[in-house]
Each structure stands twice: as C-alpha cells, then as structure tokens.
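Secondary and tertiary structure notes
Listed below, chain by chain, are the residues.
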Amino acid sequence: MSKIIYAKPTYTFSRKTISTLSSLSVALAISNAAPLSQEEWNQDFNACVFNKDHNMCQRLINNGLQTLEECTKTTCNDNGLIYQNAGFQAKAITFFKRAIDLDDNRAYHNLGLLYHKEIGNIPQAKKFYELALQKQHYGARLNLGTLYYEQKDYSNALKHFEIVCEKSSGEAKMLACHNLGVMYDNGEGTLQDYRKSHQYYKTSCDMGYGYACNNLGVLYANGLGTKQNLFMAKELYGKACNLVCNKGCANYKALNQKSLK
C-alpha cells in the first residue's frame, strides 16, 4: 500500500501546499546591507527549506542572518532551518536550542526531527519529541509515532497516531489518519481490519492526501472492507493522481485500460 509518513519541520514562512500548511508572513532577519528584497528572501527561504536547495540556503547565509545573540524567538528557529538545509547541522542545533531558550515551541519538534531523520540519534530525537508533546505539538507526536513504527514498536506507534488523528487538525491529522489506515490495512500492532483502514483512509483522502485516496481506491477495487466498486476505485485513483500521487496515476491508467477491453 503506502509507507508511514512523518511531519515536516515547522516554519515561520511556508508556501501553500496540499498538506494544507497556510502561508504566513515571514519575519526572517535581513541585514541592512543585504541586497535581497523581502520577496527574494521569501523565495530563497522556500527553495532552501522546501526544496533542499543548498545554494539558496548559502545565499541567505551570505546575505545576512542574525547571529545567535541577535536572533529573536521567531528568527532563531528559522535560521536553524536555513543552517540545517545548508548542511551545517551543528550550527542549526545551536539556533534551535536558542529558540527553545526563547520559548519557541516549534524548535523542540524541529530539533527532534533533525536528530531523528538526519543525525540518527534516536535517544535525543525521542527526548525533544517528548518535550514538544508537553507543548501540545501534534506534529512531534506524529513523528514520535513514526519513530516507534520504524523500531517495530507498533503498539506505541498506533497509540500516538490515534491521538493525532482524533485530536489534531490540518496536516498532522491528515497524515496520522493515513498512517492508521496503513497499520489497520497491514495488521500492524492490531488485528487486520479493512473497515477501519477504509475509515481512516477516507478521512485523510477527504483532507487532500493523495496516497490515502490511492489506498482507498485499492480497497474498493478489491472489495476489502467495502463492496467492490470499480467506478469508485477509478474515481479515487483519479483524485490521487490529481493530488500528485504517482501510484494513483498508474492505477487509474491500469483500471482505465482494463475497462476498455
């Protein structure tokens, strides 16, 4: 079906994507001498953080980031993301920790994610994810669930995904519900239950997650947890494809060719 998904870092500035992250005004620091306009700065920040463009990250650094002593509650976290994506992990950690000192709760999550996905220091990742949980950060709870899932501790993974799916909103809820669908689909940490996987995939699909739409289509195509309905399967594959899910595109094409024979 589909892999378990984790939440991305938390930013001040973000473009609108299918994950339903909203665009916010950027508060990144630009030195007086920096030649970049605010619009250029925002574009470079997007390229650096979303597209992992090291050149754009370096351009932002070269054009004047606030120092560790100068950065504010908002800019310390964002500067940490820039240094992280430029490949300076140690410096990113210092900025995230400074943001934590300034009571920016997002930095707990971002630091946990850095230790989890880039450095591979699982004890430190768990530490900062759990600190973020105390601040009601559902993205961190989602990622803690993925960490447990990767360790094949399916019981704890299921518990965290259930809390996020039921109590949060936006991207975290969408991804957690998808992940629950995968676990019930595969019988991981629970009895295999296609009806429940159908329920969770539908919640995630309705929120705009393409891979959940594709997986829901697979259930309809095979009559799992619901009556077989190839028309509904094709419709869901099409929706998944429109939401940039390559599997959905392939399944739509295959089912369409099958119906033409």
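We now turn to the structure provided with this report. (Residues numbered from 1 in each chain as written. Predicted model: local features only at pLDDT ≥ 70, side-chain atom pairs only at ≥ 80, totals over all residues. Heavy atoms only, no water.)

Quick look at the side chain of H160
- Relative to the assigned elements, H160 resides in helix α8 (residues 154-167).
- By relative accessible area, which is 6% here, H160 ends up buried.
- Among all residues touching H160, those that are not within four sequence positions of it are L133, R141, L144, G145 and Y148. (Helix = DSSP H or I, 4+ residues; strand = E, 2+ residues; numbered from the N terminus. Buried < 20%, exposed > 50% of the residue type's maximum accessible area, 1.4 Å probe, protein only. Contact = heavy atoms within 4.5 Å.)

Observations concerning the side chain of N85
- Relative to the helices and strands, N85 is located in helix α3 (residues 73-85).
- A distance of 2.8 Å separates the side chain of N85 from the backbone oxygen of L81, its partner in a polar contact.
- Dropping the residues within four chain positions of it, N85 is found in contact with C48, V49, K52, H54 and C57. (Polar contact = N/O pair within 3.5 Å; in protein donor to acceptor, adjacent residues only side chain to side chain.)

A closer look at the packing of α3 against helix α4 (residues 89-101)
- Running from amino to carboxyl end, α3 crosses α4 at an angle of 165°, the nearest separation of the two axes being 8 Å. Here α4 runs roughly antiparallel to α3, going by the angle between their axes. In this structure, α3 meets α4 at a crossing whose hand is left-handed. On α4, the residues touching C76, N77, N79, G80, L81, Y83 and Q84 of α3 are K91, A92, F95, F96, R98 and A99.
- Grouping the constituent residues of the contact of α3 with α4 by class yields seven nonpolar, four polar and two charged. (Axes fitted to C-alpha atoms, helices over the stretch in contact; angles between N-to-C directions. Parallel < 35°, antiparallel > 145°, perpendicular 65-115°, else oblique. Left-handed = near helix turned anticlockwise from the far one by under 90°. Nonpolar A, V, L, I, M, F, W, Y, C, P; charged D, E, K, R; others polar.)

Re the state of the cysteines
- Considering all chains together, one arrives at five disulfides under this definition.
- A sulfur-sulfur distance of 2.0 Å marks the disulfide that ties C165 to C177. Of note, the bridge from C165 to C177 carries an S-S torsion of about 95° and is right-handed in sense. In this pair, C165 sits in helix α8 while C177 sits in helix α9 (residues 170-186), placing the two residues twelve residues apart along the sequence. (Disulfide = S-S within 2.5 Å.)

The quantities given are spatial measurements derived from coordinates; they are silent on function.
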